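# Observations on the three-dimensional arrangement
The chain contents come next:
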Amino acid sequence: MEKLVDRNQLIGIVLLMCMWAGYMYFMPQTPPEKPEPVAQKTAIKTLDAAPNVLKDTLALKAAFGDFATAATGTSQDIVVENQDVRFTFSTLGGSIKEVVLKNYSAYSDFKAGTKNPMVLIDEKSSTMNLEVQTTKGRIDLKKLYYTTSNQSAIIKEGDSTKVVFKLALADNQYIEQVYTIKGNGYIVDYDVNLVGMDALVQNQPARFYWQDNLKVLEHDIAENRKSAQINFWNAKDDEFDDLGANAAGNEDKSIEDPLKWFSFKQKYFVTGFVSKNQPMTSAKLKLVTPETDSSIVKTVEVDANLAISDLKTGKGNFRFYFGPNDYNLVKNVTDGFHRNVYLGYDFVKPINRFVFVPLFKLAESFISNYGLLIIVVVIILKTLLTPLIYKSYISSAKMRIMAPELAVIKEKVGDDQVKMQQEQMKLYQQVGVNPLSGCVPMLLQMPILMSVFFLFPNMIMFRQKDFLWASDLSTYDYPISWATNLPIVGNHISLFVVLMTISSLAFTYYNNQITPDQPGPIDMKKMSYVFPIVFFFVLNSFPAALSFYYLVSNVVTILQQQIVRRFVDEDKIRKILDANKVKFHANPQAAKKGKFAQFMENQVKLAEETRQSQNNEKKKKK
């Protein structure tokens with residue numbers, strides 16, 4: 001794992017341009033009384049130019065075949081923008097030259113206070129090729145010049161426009177690329193049509209190649225590199241897969257199965273390509289991490305084949321996505337594209353997908369302060385979990401009431417753990433207490449704690465949102481920092497994590513006061529103080545939003561238990577336990593054993609039999 005850095009430092013590589021002075025060589029002047037050489041010289045120049053033009057024409061013909069006339073030209077830019085994105089198209093290749101997200105800024109601009117619109121890709125960082133096999137060889141359609149009647153435009157919400165690039169070889173023989181953009185959103189539908197090209201383009205798969213040098217968009221480049229990956233959808237097995245998840249090294253992979261889509265995913269943004277009809281085949285994926293270049297997160301590339309029959313029959317329908325990795329947006333791109341947002345392990349995904357994501361979206365619609373938003377969400381969840389908190393507290397109260405009797409049993413049996421467990425189970429059966437009844441409600445809350453642990457590092461809604469001293473809740477707050485990276489802690493201390501740790505220790509202390517001592521070789525009360533300390537080092541480089549969530553959760557839980565405590569009458573519980581014991585002694589056979597009690601009793605008997613067998617073996621040896 002790479003060491004985490006303090007802040008996102010974009011180290012620009014300064015190119016030193018050395019200007020060399022060229023010597024001017026002047027031809028001798030022609031005497032005025034001899035005009036003939038001047039005419040001769042002009043003739044010679046004309047004769048010299050003709051072979052060069054012919055040579056260039058032949059070279060173009062050799063390189064581009066029947067497409068040679070489109071191999072030269074002047075590129076023209078067309079800028080089309082909607083509410084969210086500004087797209088720059090070029091007649092060279094009929095390509096997307098630049099994509100600017102109007103409502104987002106790179107972290108470097110955000111920190112500098114400029115908040116310039118974020119350039120997601122441009123002609124320097126991103127390269128696309130679309131090659132077809134012709135009778136004269138392979139031709140890259142992105143190296144040819146197209147014509148268009150489109151002008152730069154701004155699309156209103158609710159409207160859409162088509163940007164059409166055309167390369168005509170004859171009246172009924174042309175290549176057409178069509179981009180469809182709506183008035184809002186980040187989706188671009190892309191159609192490629194090869195009309196009347198059967199005689200020129202062979203029936204071999206078209207090659208689509210996309211390479212992108214992922215720009216540094218967030219604070220911590222080390223975390224950025226671990227989050228940068230290639231995701232894809234296996235069309236054969238209809239399942240999601242990835243390359244490079246949680247890794248910062250170089251990786252490559254050849255995919256034998258067809259792909260429905262692939263994406264270049266960063267921490268909070270994603271670009272993707274979707275094949276709407278026949279899937280892509282023979283895909284090769286590659287990730288390269290430029291260790292010495294901090295201006296690039298990773299270089300990602302995909303090389304795949306497209307069905308040429310689709311391009312020739314009007315079925316070359318594709319889709320691009322250039323935008324935030326927001327679950328509510330990416331789920332509408334295509335099947336499975338929502339998997340670009342990592343929601344955790346399978347057993348917590350439903351909680352994030354159907355509880356937290358909708359709940360945060362709802363809260364965001366009427367709360368603009370994101371710290372307050374977290375507080376409201378915690379209160380809502382804790383309110384819904386009140387029955388579990390209440391049940392857990394009741395169980396804890398029963399154990400406290402039984403603590404004196406358990407202490408007497410311990411004094412009676414001494415260090416005999418098996419005997420102690422047997423006597424404990426008898427007492428639990430007499431008073432009608434299930435020792436696990438307090439654990440189950442707490443265990444049911446664990447998936448919620450784990451859900452937010454996976455969700456918050458992938459929630460773009462907290463990106464560049466400030467609260468208190470944290471300027472950006474999507475990354476760690478670092479009011480205390482230093483230059484050198486130290487083992488485990490790194491080069492900063494998150495104040496939200498410090499407060500969360502203090503609240504966790506306070507909650508542990510409070511919980512230990514109301515929890516009776518448990519017999520055993522390990523003092524679990526002392527051990528419980530270790531976990532908050534360990535968690536401090538784990539969360540020190542996690543988003544401040546997550547640390548603040550846990551802080552609020554701890555405080556609310558303590559307050560919640562204080563309120564529940566006021567509604568619990570321990571004297572009444574003691575009377576119920578005493579009454580259960582009286583009933584048991586009056587008619588032991590009528591007492592019902594729970595499944596857990598029966599299981600523990602069987603385990604204790606088995607342990608006792610094992611111990612007796614071991615003792616007998618020792619006596620025989622003597």
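Because the structure is predicted, anything quoted here is derived from the model rather than measured.

### Quick word on the pattern of salt bridges
Tallied over the full model, the rule gives 17 salt bridges. Between Arg463 and Glu218 there is a salt bridge whose closest N-O contact spans 2.9 Å. Here the residue Arg463 occupies a position in the loop between α10 (439-455) and β20 (480-486), and Glu218 occupies one in the loop between β11 (206-215) and α3 (221-227), the gap between them amounting to 245 residues. Like Arg463, the residue Glu218 is buried in the burial classification. A salt bridge links Lys236 to Asp257, with the shortest nitrogen-to-oxygen separation between them at 3.9 Å. Placement of the pair is Lys236 in the loop between β12 (229-234) and β13 (239-243) and Asp257 in the loop between β14 (251-255) and β15 (259-265), with a sequence separation of 21 residues. Looking at Lys236, the relative accessible area reads 59%, which means it is exposed. Looking at Asp257, the relative accessible area reads 21%, which means it is partly exposed.

### Quick notes on the confidence of the model for the protein
Per-residue pLDDT for the protein has a mean of 82; in total, 81% of the residues score no lower than 70. The model gives residues 1-54 a pLDDT under 50, and that stretch makes 38 contacts with residues more than four places away or in other chains.

### Things to note about the packing of helix α8 (residues 386-413) against helix α15 (residues 570-586)
Put simply, α8 and α15 touch, their axes get as near as 10 Å, and they point 65 degrees apart. As α8 packs across α15, the resulting crossing turns out to be right-handed. Here α8 contributes Tyr393, Ile394, Ala397, Lys398, Arg400, Ile401, Met402 and Glu405 to the contact with α15, which in turn contributes Glu570, Ile573, Arg574, Leu577 and Lys581. Tallied by class, the residues present in the contact of α8 with α15 amount to 7 nonpolar, no polar and 6 charged.

### Concerning the sheet that holds strand β19 (residues 317-324)
If you walk across this open sheet you meet the 8 strands as β8-β9-β10-β19-β16-β15-β12-β13, and the pairing is antiparallel. The open sheet has two edge strands with one neighbour each: β8 (160-170) and β13. For this sheet, the mean inter-axis angle between neighbouring strands, taken without regard to orientation, is 15 degrees. By the bridge criterion, 5 bridges tie β12 to β13 in an arrangement that is antiparallel. The residue of β13 that forms the bridge with Ile230 is Leu243.

### Looking at the pairing of β19
For a regular strand, side chains alternate in direction, first toward one face of the sheet and then toward the other. Most of β19 is tucked away, with 8 of its 8 residues classed as buried. Pairing of strand β10 (residues 187-195) with β19 involves 5 bridges; the strand directions are antiparallel. Within β19, the position partnered with Asp191 by the bridge is Asn317. Pairing analysis gives 7 bridges linking strand β16 (residues 269-275) to β19, with the strands arranged antiparallel.

### A look at the nonpolar core
By size, the foremost hydrophobic cluster in this structure holds 123 residues, and its most contacted members are Phe273, Phe320, Phe322, Phe360, Phe462 and Tyr549. Here the element with the most residues in this core is helix α14 (residues 544-566); it accounts for 9 residues. Residues in contact with Phe360, not counting those within four places in the same chain, are Leu373, Val377, Leu455, Phe456, Met459, Met461 and Phe462. Counting residues in each nonpolar core, the second largest holds 20 residues, with Ile389, Tyr393, Met420 and Val433 among its members.

### Examining helix α6 (residues 349-364)
The end-to-end C-alpha separation of α6 is 21 Å, in line with the 22 Å expected for 16 residues at 1.5 Å each. Where α6 bends most, at Phe356, the angle is about 30 degrees, and the proline Pro358 comes one to four residues later. Within the sequence span of α6, burial applies to Lys349, Ile351, Asn352, Phe356, Val357, Leu359, Phe360 and Ala363.

### Observations concerning the sheet that holds strand β3 (residues 95-101)
Taking strand neighbours across the sheet as the criterion, the 5 strands line up as β4-β3-β2-β1-β7 in an open arrangement whose pairing is mixed. Looking along the sheet, the strands with just one partner apiece sit at the ends: β4 (118-121) and β7 (153-154). Here strand β1 (residues 77-81) pairs with β7 via 2 bridges, running parallel. Across the sheet, the residue bridging to Val80 is Ala153, located in β7.

### Comments concerning the side chain of Asp293
If you trace the backbone, Asp293 turns up in the loop between β17 (281-288) and β18 (296-306). For the buried Asp293, no salt bridge exists, and the shortest N-O distance to an oppositely charged side chain is 6.3 Å, to Arg225. At a separation of 2.5 Å, a polar atom in the side chain of Asp293 contacts the side chain of Ser295.

### Details of the environment of Phe262
Of note, Phe262 is situated in strand β15. Residue Phe262 is classed as buried on the basis of its relative accessible area, which comes to 1%. Distance from Phe262 to Leu285, taken between C-alpha atoms, is 9.6 Å for residues 23 residues apart in sequence. Apart from residues no more than four positions distant in its own chain, Phe262 is found in contact with Phe208, Trp210, Asn231, Phe232, Thr271, Gly272, Phe273, Met280 and Val302.

### Remarks on helix α11 (residues 495-513)
Taking 1.5 Å per residue as the helical rise, α11 with its 19 residues ought to reach 27 Å, and the 27 Å between its terminal C-alpha atoms agrees with that figure. Every buried residue of α11 is accounted for by Phe496, Val497, Met500, Thr501, Ser503, Ser504, Phe507, Thr508, Tyr510 and Asn512.

### Topic: the pairing of strand β21 (residues 490-493)
As defined by bridge partners, β20 adjoins β21 across 3 bridges and the pair is classed as antiparallel. What sits directly across from Leu486, in β21, is Gly490. Here β20 folds back onto β21 in antiparallel fashion, the turn holding 3 residues, of which Ile488 has a positive phi close to 75 degrees.

### As for the packing of aromatic side chains
Scanning all chains against the criterion turns up 44 aromatic pairs. Ring geometry for Tyr107 versus Phe110: centroids 6.0 Å apart, planes at 50 degrees, classification tilted. Within this pair, Tyr107 and its partner Phe110 are both found in helix α2 (residues 107-112), separated by 3 residues, close to a single helical turn. The cationic tip of Lys166 hangs over the ring face of Tyr174; the distance from NZ or CZ to the ring centre is 4.1 Å.

Parameters and conventions
Residues numbered from 1 in each chain as written. Predicted model: local features only at pLDDT ≥ 70, side-chain atom pairs only at ≥ 80, totals over all residues. Heavy atoms only, no water. Salt bridge = Lys/Arg side-chain N within 4 Å of Asp/Glu carboxyl O. Helix = DSSP H or I, 4+ residues; strand = E, 2+ residues; numbered from the N terminus. Buried < 20%, exposed > 50% of the residue type's maximum accessible area, 1.4 Å probe, protein only. pLDDT = per-residue confidence, 0-100. Contact = heavy atoms within 4.5 Å. Axes fitted to C-alpha atoms, helices over the stretch in contact; angles between N-to-C directions. Left-handed = near helix turned anticlockwise from the far one by under 90°. Nonpolar A, V, L, I, M, F, W, Y, C, P; charged D, E, K, R; others polar. Pairing = 2+ DSSP bridges. Core = buried A, V, L, I, M, F, W, Y, C linked by side-chain atoms within 4.5 Å. Expected span 1.5 Å × (residues − 1). Bend = angle between axes of the 7 residues up to and from the residue. Lys, Arg positive; Asp, Glu negative; His and termini not counted. Polar contact = N/O pair within 3.5 Å; in protein donor to acceptor, adjacent residues only side chain to side chain. Phe/Tyr/Trp six-rings, centres within 6.5 Å; stacked < 30°, edge-to-face > 60°. Lys NZ or Arg CZ within 6 Å of the ring centre and 35° of its normal.

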